[in-house]
Amino acid sequence: MLKQRIITALVLLAVLLPAVFVANPWPFALLTLLLIAAAGWEWAKLNSTTASPRWLPAVFGAGVASACAITLLGHGLQAPPDWCWWLAGVVWVAGGSYALRGGPKAWPHASSGLRLALGAIVLFAAWLAMAQAKAMGTNFLLSIFCLVWMADVAAYFGGRAFGRRKLAPSISPGKSWEGVWSGMLGVMLLGVLWVHGLEEHFVFDSPSLFMLLKRQGLIVSLLGLLFLSAMSVVGDLFESLIKRAVGAKDSSQLLPGHGGVLDRVDALLPVFPLALALSSL
């Protein structure tokens, strides 16, 4: 199992890293288009009913990817209005809070059409934000990725070391409030190191998210990082809620040893649109 996980991770890095670091933003936009198509397929599989046609997941995934592709061909990588990111943020904050409050038992009671529509909006907004983040610069893109990864890693180790109070036992029993706070602390430390350890001494192609928030003042910077850290947890819990509601361990087996695409990008889904919103301040 460990060998399988390592091989899959190495293959993913070999495909992803060239697209991330090449100056042209189009390879990254096209690669993430494939990932969003796979995520759409997984979303529809998790949210289909027994009455749903078997072809629905494939059509849904293709439909989400087609909407992204049409946007890419029609507008290129031109930045959408800032209100788009704020609207996506409102959907995540309001919808995510409502879904988590209802828990796994309430999710299946929502109509299949509503769940699919929500998935289409969430995936489309995440892809658009990722493509735009790359167009803004590799340093900006990487800073968002690393924020989410740091929040996850610090939460894991902080939760294992200090976890006492369960965060959402009916959704993800392994998560604790101490893990959440550890993740937030890790993000704060990462921001300080990124700005003062890297960007003040080296030249990058773009300012990082941390630098853009720093320019808004200390209070805005701290609140912004705390908020993004919290929303990465919301994204993780939201996908866990959906899987628990249908009795699935993973979103799929597309990534051997790692589960599905949604399992790997769940925390990124809310953070990317919200990072674009905060960077527009």
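Right above here is the structure, for reference.
Residues numbered from 1 in each chain as written. Predicted model: local features only at pLDDT ≥ 70, side-chain atom pairs only at ≥ 80, totals over all residues. Heavy atoms only, no water.

Undergrad: Looking at this structure, how should I read the overall build of the protein?
TA: Helices and strands together make up the secondary structure of the protein, namely eleven helices and two strands. Taking 19 Å as the expected radius of gyration for a compact globule of 281 residues, we find that the protein reaches 18 Å, a close match to that expectation. Summarising its shape, the C-alpha atoms of the protein cover approximately 60 × 50 × 40 Å along the three principal directions. Relative to its full complement of 281 residues, the protein shows a buried share of 49%. (Helix = DSSP H or I, 4+ residues; strand = E, 2+ residues; numbered from the N terminus. Rg over C-alpha atoms; globule rule 2.2 N^0.38 Å. Buried < 20%, exposed > 50% of the residue type's maximum accessible area, 1.4 Å probe, protein only.)

Undergrad: Please clarify how the environment of glycine 63 should be interpreted in this entry.
TA: Its location among the elements puts glycine 63 in helix H3 (residues 56-75). Along the chain, glycine 63 and alanine 37 lie 26 residues apart, while their C-alpha atoms are 8.0 Å from each other.

Undergrad: Help me understand helix H11 (residues 268-279), please; the structure alone is not making it clear to me.
TA: Given 3.6 residues to a turn, an α-helix orients residues that are three or four positions apart in the same direction. Its twelve residues place the ends of H11 16 Å apart at the C-alpha level, agreeing with the 16 Å of an ideal helix rising 1.5 Å per residue. Among the twelve residues that make up H11, twelve are buried, leaving the element largely enclosed by the rest of the structure. Taken as a whole, H11 has its buried residues at Leu268, Leu269, Pro270, Val271, Phe272, Pro273, Leu274, Ala275, Leu276, Ala277, Leu278 and Ser279. Those residues of H11 hidden inside the fold are in contact with helix H4 (82-106), helix H5 (112-136), helix H6 (138-162), helix H8 (209-214), helix H9 (218-246) and helix H10 (261-265). (Expected span 1.5 Å × (residues − 1). Contact = heavy atoms within 4.5 Å.)

Undergrad: Help me understand the packing of H3 against H5 in this model?
TA: How two helices sit against one another is set out by the angle between their axes and by the gap between those axes. Where H3 contacts H5, the axes come no closer than 10 Å and their chain directions differ by 40 degrees. Classified by the angle their axes make, H3 and H5 are oblique. Considering how the two elements wind past one another, H3 and H5 form a crossing that is right-handed. Taken together, the residues of H5 that come into contact with H3 (itself represented by Leu56, Phe60, Val64, Ala67, Cys68, Thr71 and Leu72) are Leu116, Gly119, Ala120, Leu123, Phe124, Trp127 and Leu128. Looking at side-chain class alone, the contact of H3 with H5 contains twelve nonpolar, two polar and no charged residues. (Axes fitted to C-alpha atoms, helices over the stretch in contact; angles between N-to-C directions. Parallel < 35°, antiparallel > 145°, perpendicular 65-115°, else oblique. Left-handed = near helix turned anticlockwise from the far one by under 90°. Nonpolar A, V, L, I, M, F, W, Y, C, P; charged D, E, K, R; others polar.)

Undergrad: I would appreciate a short explanation of the packing of helix H2 (residues 26-46) against H5 in the present structure.
TA: Look at H2 against H5: their axes get within 10 Å of each other, and the N-to-C directions meet at 165 degrees. In terms of their interaxial angle, H2 and H5 are classed as roughly antiparallel. For the pair H2 and H5, the sense of crossing is right-handed. Residues Phe28, Ala29, Thr32, Leu33, Ile36, Ala39, Gly40, Trp43 and Ala44 of H2 form the contact with H5, whose own contacting residues are Arg115, Leu116, Leu118, Gly119, Leu123, Trp127, Met130, Ala131 and Lys134. Taken together, the residues of the contact of H2 with H5 break down into 13 nonpolar, three polar and two charged.

Undergrad: Help me understand H9 in this model?
TA: Counted at 1.5 Å a residue, the expected span for H9 with its 29 residues is 42 Å, and the 43 Å between its end C-alpha atoms agrees. Glycine 247, located one to two residues past H9, shows a positive phi value of around 75 degrees.

Undergrad: Help me understand the pattern of salt bridges, please; the structure alone is not making it clear to me.
TA: Once the charged atoms of two side chains with opposite charge are near each other, the side chains can pair. Within the structure shown, the criterion is met by four salt bridges. Of the charged contacts in the structure, one is a salt bridge between glutamate 178 and arginine 165, with a shortest N-O distance of 3.5 Å. In this pair, glutamate 178 is assigned in helix H7 (residues 177-199) and arginine 165 in the loop between H6 and strand E1 (166-168), connecting sequence segments 13 residues apart. A relative accessible area of 47% means that arginine 165 is categorised as partly exposed. Here glutamate 239 makes a salt bridge to lysine 243, at a shortest N to O gap of 3.5 Å. Of this pair, glutamate 239 and lysine 243 both sit in helix H9, separated by four residues, roughly a single helical turn. In terms of burial, glutamate 239 and lysine 243 fall into one category: buried. What emerges from the salt-bridge pattern is a single network uniting Glu239, Lys243 and Asp263. (Salt bridge = Lys/Arg side-chain N within 4 Å of Asp/Glu carboxyl O.)

Undergrad: Hey, could you run me through the side chain of aspartate 266 in this one?
TA: Note on placement: aspartate 266 falls in the loop between H10 and H11. Lacking a salt bridge, the buried aspartate 266 has lysine 243 as its closest oppositely charged neighbour, with an N-O distance of 5.7 Å. Beyond its immediate chain neighbours, meaning those up to four positions away, aspartate 266 contacts Gly235, Asp236 and Glu239. (Lys, Arg positive; Asp, Glu negative; His and termini not counted.)

Undergrad: How should I be thinking about the packing of aromatic side chains in this particular structure?
TA: What characterises a pair of aromatic rings is the spacing of the ring centres plus the angle enclosed by the ring planes. Enumeration according to the criterion identifies nine aromatic pairs in this entry. Relative to phenylalanine 238, the ring of tryptophan 43 lies with its centre 6.0 Å away and its plane at 50 degrees, an arrangement referred to as tilted. With tryptophan 43 in helix H2 and phenylalanine 238 in helix H9, this pair connects stretches of sequence that are 195 residues apart. The pair tryptophan 43 / phenylalanine 238 is uniform in exposure class, with both members buried. Ring centres 5.3 Å apart and planes at 15 degrees place the aromatic pair phenylalanine 145 and tryptophan 149 in the stacked group. Highlighted residues: phenylalanine 145 and tryptophan 149, both in helix H6, separated by four residues, approximately one helical turn. Its relative accessible area of 44% is what places tryptophan 149 among the partly exposed residues. A connected cluster of aromatic rings, assembled from ring pairs, spans Phe28, Phe145, Trp149 and Phe272. (Phe/Tyr/Trp six-rings, centres within 6.5 Å; stacked < 30°, edge-to-face > 60°.)

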